[in-house]
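# Inside the fold
Here is what each chain is made of, one letter per residue.
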Amino acid sequence: MKTDIEIMRHSCAHLVAAAVAELYPKAKFGVGPTVENGFYYDIDFGTLITEGDLQKIEDKAKELHKQNLEFIRQEVKIDEAIDIFKKLGQDYKVELLNDLKTKGTTKVKDEELAGVIESVDNVTLYQTGKFIDLCRGPHLKTTKDIGVFKLNKLAGAYWRGKSENPQLTRIYGLCFAKQKEMDAYLALLVEAEKRDHRKLGKELDLYHIDDMVGLGLPLWHPKGAILWRLIEDFWYKYHLANGYELVRTPHIGNKALWETSGHWGFYNDSMYPPL
Ligand SMILES: [Zn+2]
């Protein structure tokens, strides 16, 4: 069951997709689920998208927002839906529908459908402006019911999370019911940035990263190392005081152990060779 704010955030994803559809008529749409504080939509633009384009898309979405567009629901047979999306050139939606048709609902992840299914035979489509999406809903009644939103980030994402698939552009947006909630969240981001470990690490002389050692592998300076020690001591004290006991396990083990755990099959290439 989606909460009200999730319904708003997801409706906002449709609104942004509708803006993209107007600005980039050849864009192909992946999926657009909700995330914490907002939503994203994975889109194949067929061209490179920059931060400047993001502003343009946001402006267009704000224009549509004011137009009070309805989220029009339509229930159709799955084959009819495949036809509709084929005609629209929406290959990714066609793929999802074909999967749904042949493999049933279990093989298609829920967020990929962002909902779709009434039954496997019937699916629901939602139209916002010129944009038609495959979706189970629910959505708000009209775009005007969406509070405040802002597109804040671009990233790459492989279609269905598989690296052999095409890379789509993921547009992230923030969406809140009220402006003051958006402001509070943006202020929180500014505060979090001030406490970013990469910033504090340098300023407080806690650690540095050396390319020769590797990314994400900090070399702790005396101030950082003592801080580590203090936190670790606290951690031991707190656990022991609360009835936990300590155990130790070796760093290496018999090959059979890793075969049983499944590591051998998956990570064999990146593991130390058997001694
Ligand atoms: Zn939807």
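For the structure itself, look to the data block above.
## Notes on the sheet that holds strand 5 (residues 122-128)
Hydrogen bonds between backbone groups are what pair the strands of a sheet, and the pairing can be parallel or antiparallel. In spatial order, the strands read 4-5-6; together these three strands make up an open sheet with antiparallel pairing. The strands lining the two open edges of the sheet, one partner per strand, are strand 4 (72-77) and strand 6 (131-134). Between one strand and the next, the sheet's axes are offset by a mean angle of 30°, whatever the strand orientation. Its contacts with the sheet put helix 1 (residues 4-23) on strand 5 and strand 6, and the angle it makes with strand 6 is roughly 130°. Helix 3 (residues 78-87) rests against strand 4, strand 5 and strand 6 of the sheet, and its axis sits at about 115° to strand 4.

## With respect to unusual backbone geometry
Each neighbour pair has its own omega, and for Gly-137 with Pro-138 the value is 0°, a cis peptide bond. The topology assignment puts Pro-138 in the loop between strand 6 and strand 7 (148-158). Not every positive phi belongs to a glycine, and Asp-205 is a case in point at roughly 55°. Residue position: Asp-205 is located in the loop between helix 7 (197-203) and strand 9 (207-209). Judged by relative accessible area, which is 36%, Asp-205 ranks as partly exposed.

Rules used in this analysis
Residues numbered from 1 in each chain as written. Predicted model: local features only at pLDDT ≥ 70, side-chain atom pairs only at ≥ 80, totals over all residues. Heavy atoms only, no water. Pairing = 2+ DSSP bridges. Helix = DSSP H or I, 4+ residues; strand = E, 2+ residues; numbered from the N terminus. Axes fitted to C-alpha atoms, helices over the stretch in contact; angles between N-to-C directions. Contact = heavy atoms within 4.5 Å. Buried < 20%, exposed > 50% of the residue type's maximum accessible area, 1.4 Å probe, protein only.

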